[in-house]
Amino acid sequence: MPPGPRVPINPTTNLPSFSSFSQLSQFLRSSVADEESRLMSDSMSGLASQIEAIIAGLRRNGLRASVAPLLVDLLTVLRTHRNMVVNLGLPWRGLYEYAGYLQALNNFRVLIGQWLLDGGPRSTQLLLSAEDFELVAWRTLGEGVLLIDMYEQWARSEAKDQSVLGALEEPQVERAVQWWKKLRL
């Protein structure tokens, strides 16, 4: 894997930044440390696309009839994505960011349910602004990007550790094993 930051850095603030959900999708498609990382990235990319469609609908008119079905579809996609995240391997679940991302996904699902109920089914407008929805969506996806980034850093460090041990010659490995056995006594 190439070294250095994979997230675009804003030259003014020197902080990671994405200016659109499509930029986020492009980043996610390039995240392929392994098969699980690819699955996670593909799933998050699908979420970003769905979110972008909802934001466009909210900005267009915010009518319940046009946006509510998109929100219900997003709930289904979020449920599927969450199941995929729950089934990730032990290295993912061992990361501190894993629990944070699951919590963000759960909060997002709850908020979408509340937004769908606000105003009642007879209301023609959703009581939800594009800005509010976008804020929660960015926070949720940001947690996911952080999880992917931390996993990839972990995977790089694991690969580096394995390559260093594999590069040792046999006498050095034997001395290390003997030293380790003495420590354990």
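All values derive from a computational prediction rather than experimental measurement.

The rules we used
Each chain has its residues counted from 1, following the order in which its sequence is written. Restriction of local features to residues with pLDDT of at least 70 applies here, the model being predicted, together with a cutoff of 80 or more for giving and counting side-chain atom pairs; totals for whole chains, interfaces and linings are based on all residues. Excluded from the side-chain calculation are hydrogens and water; included are all heavy atoms of the structure. Think of it this way: any DSSP run of H or I at least four residues long counts as a helix, any run of E at least two long counts as a strand, and we number them from the N terminus. Residue burial is assigned from relative accessible area. The probe radius is 1.4 Å, only protein chains are included, and a residue is buried under 20% of its type maximum, exposed over 50%, and partly exposed in between. Only heavy atoms matter for contacts: two residues are in contact if any of them lie within 4.5 Å across the pair. A carboxyl oxygen of Asp or Glu within 4 Å of a side-chain nitrogen of Lys or Arg is what we treat as a salt bridge. A patch is a set of surface residues, each over 30% in relative accessible area and not in a salt bridge, joined within 9 Å for like charges and within 5 Å for the nonpolar side chains Val, Leu, Ile, Met, Phe, Trp and Tyr. Computed with a 1.4 Å probe, the accessible areas rest on the Shrake-Rupley method; for each residue, only the protein chains presented here act as cover. Definition of nonpolar core: a set of buried residues of the types Ala, Val, Leu, Ile, Met, Phe, Trp, Tyr and Cys, connected through side-chain atoms within 4.5 Å. Think of each axis as a best-fit line through the C-alpha atoms, taken over the contacting stretch in the case of a helix, with angles from 0 to 180 degrees between the N-to-C directions. For classification, angles of less than 35 degrees are called roughly parallel, those exceeding 145 degrees roughly antiparallel, those between 65 and 115 degrees roughly perpendicular, and all remaining angles oblique. Note on convention: the crossing is left-handed when the near helix lies turned anticlockwise from the far helix by less than a right angle, right-handed when the turn is clockwise. Only four residue types enter the charge count, namely Lys and Arg as positive and Asp and Glu as negative; His and the chain termini do not. Given a helix with a known number of residues, its expected span is that number minus one, times 1.5 Å. Asp, Glu, Lys and Arg are counted as charged, while Ala, Val, Leu, Ile, Met, Phe, Trp, Tyr, Cys and Pro are counted as nonpolar; the rest, among them Gly, fall into the polar class.

(A) Just the overall build of the protein chain, in detail. Within the protein chain, the regular secondary structure consists of seven helices and zero strands. The order of helices and strands in the protein chain, counted from the N terminus, is α-α-α-α-α-α-α. Across the 185 residues in the protein chain, those meeting the buried criterion constitute 34%. Residue pairs at least 24 apart in sequence account for 73% of intrachain contacts in the protein chain once pairs closer than 6 positions are excluded.

(B) Spatial organisation of the pattern of salt bridges. Under the definition given, this model contains four salt bridges. As a salt-bridge pair, glutamate 35 and arginine 38 come within 2.6 Å of each other at their nearest N and O atoms. Here arginine 38 and glutamate 35 lie together in helix H2 (residues 35-60), a separation of three residues that amounts to about one turn. What makes glutamate 35 partly exposed here is its relative accessible area of 48%. Judged by its relative accessible area of 31%, arginine 38 is partly exposed.

(C) Highlighting a nonpolar patch on the surface. Taken together, Trp179, Trp180 and Leu183 make up a surface patch of nonpolar side chains, about 390 Å² in accessible area. Tracing the backbone shows tryptophan 179 in helix H7 (residues 170-184).

(D) Summary view of the nonpolar core. Judged by nonpolar contacts, the single largest core of 38 residues is most densely connected at Met40, Leu71, Leu74, Val85, Phe108, Ile112 and Phe133. Only H2, helix H3 (64-86), helix H5 (96-117) and helix H6 (130-167) provide two or more residues apiece to this core. The biggest single contributor to this core is H6, with nine residues. Setting aside residues no more than four positions away along its own chain, methionine 40 makes contact with His81, Met84, Val85, Leu88, Trp92, Tyr101, Gly144, Leu147 and Ile148.

(E) Focus on the environment of leucine 78. Take leucine 78: it is sitting in helix H3. C-alpha of leucine 78 to C-alpha of leucine 47: the two residues are 31 residues apart in sequence and 7.3 Å apart in space.

(F) Inspection of the packing of H2 against H3 at higher detail. Between H2 and H3, whose axes approach to 10 Å, the crossing angle comes to 165°. Comparing their axes, H3 and H2 come out roughly antiparallel. Seen along the crossing, H2 lies across H3 with a hand that is left-handed. Of the residues in H3, those touching H2 at Leu39, Met40, Ser43, Met44, Leu47, Gln50, Ile51, Ala53, Ile54, Gly57 and Leu58 are Val67, Leu70, Leu71, Asp73, Leu74, Val77, Leu78, His81, Met84 and Val85.

(G) Representation of the side chain of glutamate 97 in the model. With respect to the helices and strands, the residue glutamate 97 is situated in helix H5. It turns out glutamate 97 is buried and unbridged, and the closest side chain with the opposite charge, arginine 156, is 13 Å from it. With sequence-adjacent residues up to four places away left out, glutamate 97 is seen in contact with Leu146, Leu147 and Met150.

(H) Representation of H5 within the structure. The terminal C-alpha atoms of H5 lie 33 Å apart, and with 22 residues this matches the ideal 32 Å at 1.5 Å per residue to within 8%. Positive phi appears at glycine 119, one or two residues downstream of H5, with a value of about 85°.

(I) Representation of the packing of H3 against H5 within the structure. Between H3 and H5, the shortest axis-to-axis distance is 10 Å and the interhelical angle comes to 155°. Classified by the angle between their axes, H3 and H5 sit roughly antiparallel to one another. Note on packing geometry: the crossing formed by H3 with H5 is left-handed. Residues Arg64, Ala68, Leu71, Val72, Leu74, Leu75, Leu78, Arg79, His81, Arg82, Val85 and Val86 of H3 touch H5, and the partners they reach there are Tyr98, Tyr101, Leu102, Leu105, Asn106, Phe108, Arg109, Ile112 and Leu116. Each residue belonging to the contact of H3 with H5 can be placed in one class, and the counts come to 15 nonpolar, two polar and four charged.

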